[in-house]
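Residue-level structure breakdown
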There are 4 protein chains.
Amino acid sequence: MKLNLDQLKDINSKSLDLHQVELDILSQKLDKKGINAEDIIKDITELQVATPSWALGTGATRFGRFPGGGEPATLEEKIGDVGILKQLCGQTSSISLHIPWDVPDNAEDVKDLAASYGLRFDSMNSNTFMDDPRGLNTPKGLSYKYGSMCNSEEAIREQSIQHNIDVIEYGKRLGSDSLTVWLADGSNYPGQANFRRQFENVQNSLREIYKAMPEDWYMFTEHKPYEPNFYSTVNNDWGSNLLLAKGTGERCLCLVDLGHHLPNTNIEQVVSRVIMEKRLAGFHFNDSKYSDDDLTVGSLKPYQLFLIFNELVEYMKGDDKQANELAWMIDASHNTKDPMEDLLQSFDAIALAYGQALSIPRATLTEAQMNNDVAGGQEIIQDAYRTDVRPLVREARMRQGAAFSPLQAYRELGVRKELINQRGTRVAVTGL
Amino acid sequence: MKLNLDQLKDINSKSLDLHQVELDILSQKLDKKGINAEDIIKDITELQVATPSWALGTGATRFGRFPGGGEPATLEEKIGDVGILKQLCGQTSSISLHIPWDVPDNAEDVKDLAASYGLRFDSMNSNTFMDDPRGLNTPKGLSYKYGSMCNSEEAIREQSIQHNIDVIEYGKRLGSDSLTVWLADGSNYPGQANFRRQFENVQNSLREIYKAMPEDWYMFTEHKPYEPNFYSTVNNDWGSNLLLAKGTGERCLCLVDLGHHLPNTNIEQVVSRVIMEKRLAGFHFNDSKYSDDDLTVGSLKPYQLFLIFNELVEYMKGDDKQANELAWMIDASHNTKDPMEDLLQSFDAIALAYGQALSIPRATLTEAQMNNDVAGGQEIIQDAYRTDVRPLVREARMRQGAAFSPLQAYRELGVRKELINQRGTRVAVTGL
Amino acid sequence: MKLNLDQLKDINSKSLDLHQVELDILSQKLDKKGINAEDIIKDITELQVATPSWALGTGATRFGRFPGGGEPATLEEKIGDVGILKQLCGQTSSISLHIPWDVPDNAEDVKDLAASYGLRFDSMNSNTFMDDPRGLNTPKGLSYKYGSMCNSEEAIREQSIQHNIDVIEYGKRLGSDSLTVWLADGSNYPGQANFRRQFENVQNSLREIYKAMPEDWYMFTEHKPYEPNFYSTVNNDWGSNLLLAKGTGERCLCLVDLGHHLPNTNIEQVVSRVIMEKRLAGFHFNDSKYSDDDLTVGSLKPYQLFLIFNELVEYMKGDDKQANELAWMIDASHNTKDPMEDLLQSFDAIALAYGQALSIPRATLTEAQMNNDVAGGQEIIQDAYRTDVRPLVREARMRQGAAFSPLQAYRELGVRKELINQRGTRVAVTGL
Amino acid sequence: MKLNLDQLKDINSKSLDLHQVELDILSQKLDKKGINAEDIIKDITELQVATPSWALGTGATRFGRFPGGGEPATLEEKIGDVGILKQLCGQTSSISLHIPWDVPDNAEDVKDLAASYGLRFDSMNSNTFMDDPRGLNTPKGLSYKYGSMCNSEEAIREQSIQHNIDVIEYGKRLGSDSLTVWLADGSNYPGQANFRRQFENVQNSLREIYKAMPEDWYMFTEHKPYEPNFYSTVNNDWGSNLLLAKGTGERCLCLVDLGHHLPNTNIEQVVSRVIMEKRLAGFHFNDSKYSDDDLTVGSLKPYQLFLIFNELVEYMKGDDKQANELAWMIDASHNTKDPMEDLLQSFDAIALAYGQALSIPRATLTEAQMNNDVAGGQEIIQDAYRTDVRPLVREARMRQGAAFSPLQAYRELGVRKELINQRGTRVAVTGL
């Protein structure tokens with residue numbers, strides 16, 4: 001299914017009455033701060049965020065899953081859904097696969113199909129946190145019940161290394177150039193495991209996988225403090241993640257998921273630290289109030305999202321070229337929303353936070369900081385946050401032929417209804 | 001499967017060399033504090049904790065499930081497993097059913113079977129947090145995706161009331177006398193729902209269910225701050241729970257699950273408050289470090305468990321007769337342990353904490369408190385906690401013909417091996 | 001010191017170039033949602049927030065205090081500072097006194113002075129959490145080291161009752177009509193105290209104080225989970241606070257301080273609950289990331305502040321007349337900012353959050369909620385939050401003759417410099 | 001004041017009736033696990049924990065201080081108090097000074113006095129988190145209001161370096177061989193500071209101080225997530241601390257304070273990580289429920305304390321010789337207890353946790369872990385924890401001529417009464 005662009009244009013046209021004047025005033029206001037609105041529009045356009053293949057179906061908690069209708073049942077259908085998202089918001093042009101949930105049996109065809117939507121393949125995700133019922137992630141037939149790369153049994157460690165190498169192979173055929181490793185390894189009880197031995201096992205396993213990567217690939221490791229293990233995890237925080245990355249190799253970088261932190265963590269500072277150490281891989285965007293809640297980006301803590309983008313903009317506008325290659329991905333779970341609506345809201349929130357962060361006058365901010373002007377520094381930051389930059393985001397979208405308001409267009413176009421017509425109401429997707 | 005009691009006795013006999021002398025010394029030490037060891041042994045024996053039917057199989061997280069072998073596939077097999085636990089530790093003599101996971105098709109037979117193991121049926125658990133694939137909890141065929149009793153749609157609220165009434169009916173046939181209501185109702189996003197309207201819907205629904213209960217039944221409501229809803233829940237904390245209970249009726253009481261609290265909550269104080277308001281129903285025992293981790297009782301925060309029992313003992317030894325009818329249940333999830341081993345460790349931890357709390361010299365403690373003797377009060381409490389009361393727990397078990405060390409006996413008797421022989425290695429249980 | 005209003009007008013005039021067109025466009029946009037901008041301007045003008053007398057000096061942590069210059073040393077000077085704030089932002093027209101820090105020796109004079117600035121006296125704050133070195137809060141000379149109203153010693157409980165009655169007397173003379181009771185009572189160690197006995201002592205003491213209040217006075221009780229006691233507090237959460245208020249009398253209401261909650265608490269839901277029970281007294285505004293950090297309002301979690309105002313607006317626009325008498329106060333600690341700047345930023349954040357909440361189209365929101373439109377409900381809420389309502393706040397201020405940008409005007413007018421000239425650089429204020 | 005050892009012996013003799021038989025049985029039980037009780041007694045005896053000079057007076061919160069009587073007013077009196085503690089429990093033989101609170105004007109005399117009590121000087125603590133009223137930590141007269149080593153002003157950074165060098169000089173004269181650097185540096189508001197710039201300033205400052213240390217000295221840096229700064233700190237977590245230590249030099253190590261972690265942090269794993277990286281300096285012992293509560297060691301989370309000692313014992317019994325030089329110190333605040341009683345309870349808790357950890361059969365534990373025996377590993381750990389090792393601790397104390405029960409002896413000997421006789425009831429101590 002592809003959207004009719006004329007229809008989209010028609011829908012847009014109904015919303016434009018105040019747009020141009022809002023954009024003009026905003027441009028004037030930014031100009032007074034020495035900020036060029038056109039530059040921000042351009043930057044917003046260029047920030048392309050990957051859609052994960054597993055995010056197109058209804059998510060679940062351990063307490064059940066309430067599937068919606070018209071969900072994609074195949075990789076091909078998932079690619080089609082990302083194509084629709086791209087048409088609507090213009091902010092996503094790649095898809096991130098999870099093996100074994102989305103094994104691309106015919107890589108060439110899949111690649112061609114994606115290209116027909118203007119999509120390419122982002123980072124490949126391996127899975128050693130569950131035993132695939134078909135055995136697709138357990139080449140030796142061994143269980144990950146007690147961990148994968150941290151396991152005290154060598155054969156299981158070797159199996160998890162092999163699975164990651166298999167995933168790299170799939171990725172090579174699809175044109176991906178990075179491997180994302182999130183592992184659930186850890187322990188549920190004091191006494192169950194030795195922290196150091198587990199860490200060393202994981203470290204050694206990552207080195208083996210790293211050796212098997214092509215020389216232009218990157219490895220991304222992702223930390224998480226708990227769940228599904230509830231006493232300890234091996235890659236538990238940014239400190240451990242940094243040790244693992246440094247211990248693995250130069251092209252091993254740290255991925256930050258916004259929901260993988262202890263209560264009250266200053267995540268923007270974590271981002272600053274990892275940037276300082278030249279090891280930031282990129283982001284798994286979502287939002288949360290309590291735990292790894294995997295909610296829509298920007299739905300609970302929009303100011304935190306803005307402060308994170310404040311760090312990122314400082315990095316991206318600096319001298320380090322690596323900053324241009326950050327991996328952006330959404331990683332949310334849509335338990336009670338239409339997945340496509342959830343993703344559209346998430347892309348919107350990302351663009352807004354980015355636009356706000358781009359409108360901070362950096363030299364003025366630095367001056368306040370050098371003068372220990374506490375209230376002044378806050379004022380500069382909050383002025384940018386309080387400014388409504390939606391006109392810039394809308395303009396960026398419309399210049400690409402996308403929607404003024406993607407969610408509204410999605411509804412007016414009856415996309416979900418059409419997908420249900422095509423696919424039926426109760427299709428099970430792979431994934432969590 | 002029933003255990004051979006002679007074999008159990010043999011196993012016990014190997015551990016007894018120091019038992020009597022330890023028991024003697026402990027009794028002398030307690031005696032100095034004015035505590036009678038025999039009384040504690042008797043109290044420990046009488047504290048019977050229900051086993052939930054869903055706790056006999058391997059648990060899961062949203063990231064997967066790693067089933068063990070020999071799991072019970074039917075309600076009858078689950079009853080059998082509880083029978084074994086009873087033989088081993090003597091601390092559990094009832095089973096708590098969850099509908100629709102364990103619908104007792106032939107209530108009389110089930111009741112007789114349980115009786116043959118010396119078991120009766122504890123509180124009945126309804127389920128309106130998922131849509132049963134067979135429709136067993138959705139008599140009107142409506143989904144609980146957006147909540148059950150809180151739902152803005154009247155028909156869904158009525159359906160959830162009806163399901164609870166159905167559960168009461170099952171319970172009546174089994175000889176149960178209480179209904180436990182945990183509902184996942186809440187919201188994932190600001191704006192999704194109106195807190196007050198949701199609360200009132202739940203309150204009104206509970207009243208309807210309450211009316212349908214026999215006059216000697218109790219209703220237990222259980223609060224939880226989040227999961228599976230991640231922004232708000234309707235019955236979110238003890239304050240809300242108390243309002244709901246008082247708004248429902250005299251026989252509506254508050255159940256406390258140890259994992260259902262925000263970080264750093266002083267749970268023993270929550271217990272004190274609910275007791276003070278004469279609304280404590282009882283407990284769902286488990287342990288956790290981060291969230292609703294559902295770990296083995298006493299495995300992470302044994303001192304907190306002891307402090308909770310300190311409150312309970314004060315209540316149970318007081319004048320309020322309701323204190324003798326507290327509902328005790330384990331509610332843990334055994335993701336990486338043999339479920340039977342996990343339960344045996346849990347029963348053990350409960351008995352220990354209870355025994356320690358019973359050994360607090362209450363008059364001495366009160367005196368220190370009345371004198372504002374801060375260090376002294378702590379000293380009295382910690383002396384009780386630091387005392388190894390395992391000889392009392394072992395004695396209590398052995399006098400009932402149970403095991404000196406239940407976990408060790410379970411292993412030496414090869415129970416799991418035998419269950420695998422009987423049931424095979426990959427039997428799926430119902431439940432989470 | 002009073003500000004020169006002509007000078008203020010001059011400063012304003014420099015910022016007005018885009019103001020009117022921004023205001024017009026915003027009004028049009030609100031109009032489309034069925035919201036009248038003029039109504040919001042009026043409501044913002046009417047929301048008057050009390051300034052606490054202790055907030056005009058530099059705050060401290062237990063690790064030290066770094067006083068700024070020109071701090072007010074007397075109650076008279078503090079009243080003058082509030083007068084300046086009123087002139088600058090038009091949002092504060094009352095002052096809240098803390099006894100023993102600000103004993104008004106000559107009540108009539110103090111009242112007249114305040115009136116000359118257009119100020120009256122808000123809620124009176126008693127203090128039983130420290131021993132005043134002059135003995136002003138310990139009429140019997142007894143220490144509050146082990147608690148005040150919870151104390152096991154009757155004489156200390158009586159003393160704390162007497163102190164509160166003394167505070168009521170001061171308040172009567174000043175024209176106040178409410179007493180705010182925050183007490184530090186609790187315990188540092190398990191074993192130190194009996195939760196229930198402490199609670200009952202506090203409950204009984206509050207009843208005594210309540211009896212001594214004039215019939216048109218209100219009592220406000222304020223909960224806090226920890227600090228300065230670190231194991232338990234007596235009035236620890238909204239549930240306990242509600243029990244105390246209901247147990248005291250009809251005119252005993254619950255005060256909510258934004259920093260007095262456990263990690264991850266859904267504070268807007270707490271507000272909804274207390275409103276539902278008709279016991280909301282009002283607010284102590286501040287912000288925090290970790291604990292009771294007492295930071296500038298809106299500086300860390302502006303979305304939470306907005307969601308709280310969402311609850312309040314629903315209440316204030318409803319039928320309950322009590323909603324018009326909410327007590328609004330700032331209670332922050334300015335450790336590294338100029339206190340006046342901190343307060344101006346706080347007033348600004350409150351007006352913004354209120355304005356945003358007033359711009360939510362309530363009927364549309366309710367419709368989405370009744371239809372279980374999860375994404376739609378979020379969209380409505382976030383649209384209001386993302387709208388820059390600063391033009392309304394500025395307009396409200398300027399119509400009162402206050403500043404377009406109070407912080408900027410404060411700096412341009414050189415207020416602090418002038419205060420330092422008058423008062424010197426190292427004046428110690430009373431308070432924390 | 002020195003205690004009369006005969007009197008102590010007399011008091012001990014009243015408690016000995018069951019001691020020997022308890023010790024014998026415990027020894028037999030340990031022996032069965034392959035553990036030698038005599039070895040544990042020896043190890044307990046050798047674990048000497050420093051007493052900080054500021055812990056001998058009543059502590060404070062920002063809400064006030066309730067001084068007790070007989071507090072030491074001079075460094076000489078503080079040394080005397082530590083001498084008493086040493087006599088009572090035999091576990092402390094050094095004192096840790098905080099400059100500027102305890103400037104040793106005549107180092108030789110002070111050193112001799114300490115030696116007369118069998119005491120030496122442990123790590124020296126610098127202070128750049130407050131402005132000493134006498135200017136003792138601000139050699140250039142500049143304020144630390146906006147930070148010390150992180151400050152944007154070079155002169156303030158230089159001043160804080162100079163203060164640390166001054167502290168080293170004092171330490172050299174007293175025979176100390178390490179400098180402990182805890183700094184409050186950070187920010188209260190987003191926008192106030194640049195995370196990276198602050199970090200680099202601190203890093204560079206530490207390098208300067210490091211250069212000024214004698215070659216056999218160590219530098220200890222201590223992390224803390226918040227307070228007195230409430231948005232960010234520079235040395236916020238173990239990850240940042242490790243970066244700073246590695247960036248400073250080989251003899252810069254990481255100190256762990258038990259209260260300086262975010263909610264739910266797995267502190268024992270933090271310890272394991274820092275050990276793994278060969279950067280553990282040692283500990284600041286205390287306990288907490290919510291925040292940096294500075295409560296008596298082992299009073300809230302005794303199991304966590306045991307699990308930390310489990311990591312330490314593994315380290316101390318391993319091959320790394322650095323493990324023998326760990327710096328042990330108590331850092332608690334005694335707000336409502338007699339400071340000496342608080343310290344005695346703390347020493348007791350440390351000895352118990354250490355004794356329990358020493359009684360873990362390590363080879364058996366490793367075997368369970370290698371076999372993925374989850375329940376078995378927990379069982380081994382908990383068996384050690386549940387064992388009452390107080391007979392070993394008492395034996396260790398009595399063999400040194402110290403008290404069977406130090407707290408009880410302290411009370412029976414009337415130590416505080418005697419100190420009040422000597423020093424009066426209201427002596428102010430320096431410190432927090």
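Residues numbered from 1 in each chain as written. Chains lettered and ligands numbered in written order. Predicted model: local features only at pLDDT ≥ 70, side-chain atom pairs only at ≥ 80, totals over all residues. Heavy atoms only, no water.

With that settled, consider the side chain of C:S232. Counting through the fold element by element, C:S232 comes out in strand β10 (residues 232-233). In this structure the side chain of C:S232 is engaged in a polar contact, spanning 2.7 Å, whose partner is the side chain of C:S187. Setting aside its immediate chain neighbours within four residues, C:S232 contacts B:N266, B:Q269, C:D185, C:G186, C:S187 and C:F195. (Helix = DSSP H or I, 4+ residues; strand = E, 2+ residues; numbered from the N terminus. Polar contact = N/O pair within 3.5 Å; in protein donor to acceptor, adjacent residues only side chain to side chain. Contact = heavy atoms within 4.5 Å.)

Here we come to the UniProt feature "domain: Xylose isomerase-like TIM barrel" (unreviewed entry) in chain A. Those residues carrying the UniProt feature "domain: Xylose isomerase-like TIM barrel" (unreviewed entry) are residues 104-294 of chain A in this numbering. End C-alpha atoms of residues 104-294 of chain A are separated by 26 Å, and the span's content is 37% helix alongside 15% strand. (UniProt positions renumbered as here; feature names shortened; annotations may be inferred.)

Turning to the relation of the copies chain D and chain A, a few remarks are in order. Rotating chain D by 180° and translating it 0.0 Å along the rotation axis places it on chain A, where the RMSD comes to 0.0 Å. Both copies are brought into coincidence by an operation consistent with a two-fold rotation axis. Residues of chain D ranked by C-alpha distance from the rotation axis are headed by D:G239, positioned 2.1 Å from it. Same-surface contact between copies: 100% of interface residues of chain D are shared with the interface of chain A. (Least-squares fit on C-alpha atoms with pLDDT ≥ 70 in both.)

Right, let's talk about unusual backbone geometry for a bit. Residues and elements named next belong to chain C. A cis amide bond links I99 with the next residue in sequence, P100, at an omega value of 20°. Note on placement: P100 falls in the loop between β4 (94-96) and α5 (107-116). Here the phi dihedral of N372 falls at roughly 50°; this positive angle occurs in a residue that is not glycine. Here N372 lies in the loop between α12 (362-370) and α13 (374-386). The exposure class assigned to N372 is buried, which follows from its relative accessible area of 15%. (Buried < 20%, exposed > 50% of the residue type's maximum accessible area, 1.4 Å probe, protein only.)

This part is about the interface of chain A and chain C. Contact residues are listed per partner, giving 42 residues for chain A and 42 residues for chain C. Interface area for chain A against chain C, summed over the two sides, is near 3700 Å², with a carbon-plus-sulfur share of 47%. At the boundary of chain A and chain C, one finds 10 salt bridges. Our count for the chain A to chain C interface comes out at 21 residue pairs in polar contact (both at pLDDT 80 or more). Breaking the side of chain A that touches chain C down by element, the ones donating at least two residues are α2 (19-32), α10 (302-316), α11 (339-358), α13 (374-386) and α15 (406-412) of chain A. Take the side of chain A that touches chain C: its biggest share by element is nine residues, from α13(A). In terms of residue class, the side of chain A that touches chain C is built from 14 nonpolar, 13 polar and 15 charged. (Buried area = accessible area lost by both parts, 1.4 Å probe. Salt bridge = Lys/Arg side-chain N within 4 Å of Asp/Glu carboxyl O. Nonpolar A, V, L, I, M, F, W, Y, C, P; charged D, E, K, R; others polar.)

Turning to the interface of chain D and chain A, a few remarks are in order. Each partner contributes residues to the interface: chain D has 51 residues there, and chain A has 51 residues. Carbon and sulfur atoms make up 54% of the surface buried where chain D meets chain A, a total of about 4500 Å² over both sides. Of all residues in chain D, the largest losses of buried area upon contact with chain A belong to D:F195, D:M276 and D:N372, amounting jointly to 14% of the total for that side. At the junction of chain D and chain A, the tally comes to zero salt bridges. Counting across the interface, chain D meets chain A through 28 residue pairs in polar contact (both at pLDDT 80 or more). When contributions to the side of chain D that touches chain A are tallied by element, the ones reaching two or more residues are α7 (195-212), β10 (232-233), α8 (238-248), α9 (267-276), α10 (302-316), α12 (362-370) and α13 (374-386) of chain D. Grouping the amino acids of the side of chain D that touches chain A by side-chain chemistry returns 21 nonpolar, 20 polar and 10 charged.

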